[in-house]
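So you can see what is in the structure, the chains are spelled out below.
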Amino acid sequence: MLEIRWLEAFIAVAEELHFGRAAARLRLAQSPLSQTIRRLEKELGTRLFDRSTRSVALTPAGHAFLPYARRVFEELELGRQATRATDGVVYGTVSIGFSGALNHLTLPPLTRAVHQRFPDVTLSLTGGVMTHDSIGRLERGGLDIAFVGLPIDPSPVRTRLIGREPLGAALPIDHPLAGEAAIDLADLADDGFITTPVAAGSALQQVAMQACVAAGFRPRIVQEITDPYMILTLVSTGVGVALMSSEVAQIMPSAAVFVPLHGEPTYMDHGLAWLEENPSPVMRAVLDIAEEVLPTPPT
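Please read these numbers as outputs of a predicted model, since none were measured by experiment.

The rules behind each value
- Residues numbered from 1 in each chain as written.
- Predicted model: local features only at pLDDT ≥ 70, side-chain atom pairs only at ≥ 80, totals over all residues.
- Heavy atoms only, no water.
- Helix = DSSP H or I, 4+ residues; strand = E, 2+ residues; numbered from the N terminus.
- Buried < 20%, exposed > 50% of the residue type's maximum accessible area, 1.4 Å probe, protein only.
- Contact = heavy atoms within 4.5 Å.
- Pairing = 2+ DSSP bridges.
- Right-handed = clockwise from strand over helix to strand, strands pointing away.
- 1 Å grid on protein atoms, 1.4 Å probe; cavity = no way out; pocket = protein on both sides within 12 Å on 5 of 7 lines; lining within 4 Å.
- Points joined across faces, edges and corners; volume = space filled by probe spheres on them.
- Nonpolar A, V, L, I, M, F, W, Y, C, P; charged D, E, K, R; others polar.

1. Considerations on the environment of Phe10
Alright, step 1. By the element assignment, Phe10 lies in helix α1 (residues 4–16).
Alright, step 2. What makes Phe10 buried here is its relative accessible area of 0%.
Alright, step 3. Ignoring any residue separated from it by four or fewer positions in sequence, one finds Phe10 in contact with Ile37, Leu40, Leu48, Phe49, Leu58, Gly62, Phe65, Leu66 and Ala69.

Structure below.
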């Protein structure tokens, strides 16, 4: 007979695609987690994962089983929420993904409003999640809501615009252009750029590269790093320059400056994303609050 904890282990590995991360998420050692997965596979009579020393992937049987395993936990959680809803209490957990420093103006208003309005709602926050990864986690059920860059690739995930910020240049304080009120992007053509990795699927990276090409050059990448604030830190050390959206002007390290760009602005569009098929009533409650505190700006 299948056990609930077996399904919980399967879902964790299916969403993380990494036994170490799944074990940490479940607060287990990796060996017991592997044994649990083997018991589940033996009970079902089929392999659920293809394992190698470098990767973990769902088999066709694993893909087929995943939505049913999730449904068990969704029904359990909905049952818990229903018992509280009879008392008029909004209750449950909402998982939210965000990239980091780029969300310092949007994440805090939402979390504060949720805590004030619904004290029985728990927000599970995951930082360092780039847009592409966020969409994948939403589709797999690993996140309920994510802060993303827009637009996204075709997906069943729904999005709503919550902010538009023009790109500008993050420069070391001793850069020749650091004292200018505004600069032409083409003036940075000979500089080395720090950016998020191409493979990370960052919307900021895509917008920044498009802006450079429109300015007549392809940037020379000297460093790639996923954390937006670490990009600013590396700029402050003189490693290179970066293109960032203007909200970071308020959080620049002391040895770096933010300089606006001349000409027609290139905008970084920020959005919220969620899976419409997600049945969670508490997620809907959080999205309703987001409509109030993070309204869609005029375009």
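There is more to say after this.
2. Describing the pairing of strand β4 (residues 121–126)
Alright, step 1. Two strands pair when backbone bridges link them, and strand β3 (residues 92–97) and β4 are joined in this way by 6 bridges, in the parallel orientation. Looking at the pairing, Gly97 lines up with Thr126 of β4.
Alright, step 2. Each parallel crossover has a hand, and the one from β3 via helix α5 (residues 107–117) to β4 is right-handed.

3. Examining empty space enclosed by the protein
Alright, step 1. Under the criterion given, the structure shown has 2 cavities of 30 Å³ or more.
Alright, step 2. Considering only enclosed or pocket space, the largest cavity measures out at about 120 Å³ in volume.
Alright, step 3. Ser99, Leu102, Thr131, Gly149 and Met268 are the residues nearest the centre of the largest cavity, which is lined by 16 residues in total.
Alright, step 4. Counting residues per element, the ones that place at least two in the lining of the largest cavity are β5 (145–150), α7 (203–214) and β11 (267–275).
Alright, step 5. A per-element tally of the lining of the largest cavity places β5 first, with 3 residues.
Alright, step 6. Residues belonging to the lining of the largest cavity are distributed by class as follows: 9 nonpolar, 7 polar and no charged.
Alright, step 7. Approximately 50 Å³ is the volume attributed to the second largest cavity.
Alright, step 8. Every residue lining the second largest cavity is listed: Phe193, Ile194, Thr195, Thr196, Leu204, Ala208, Met209, Ile231 and Leu243.

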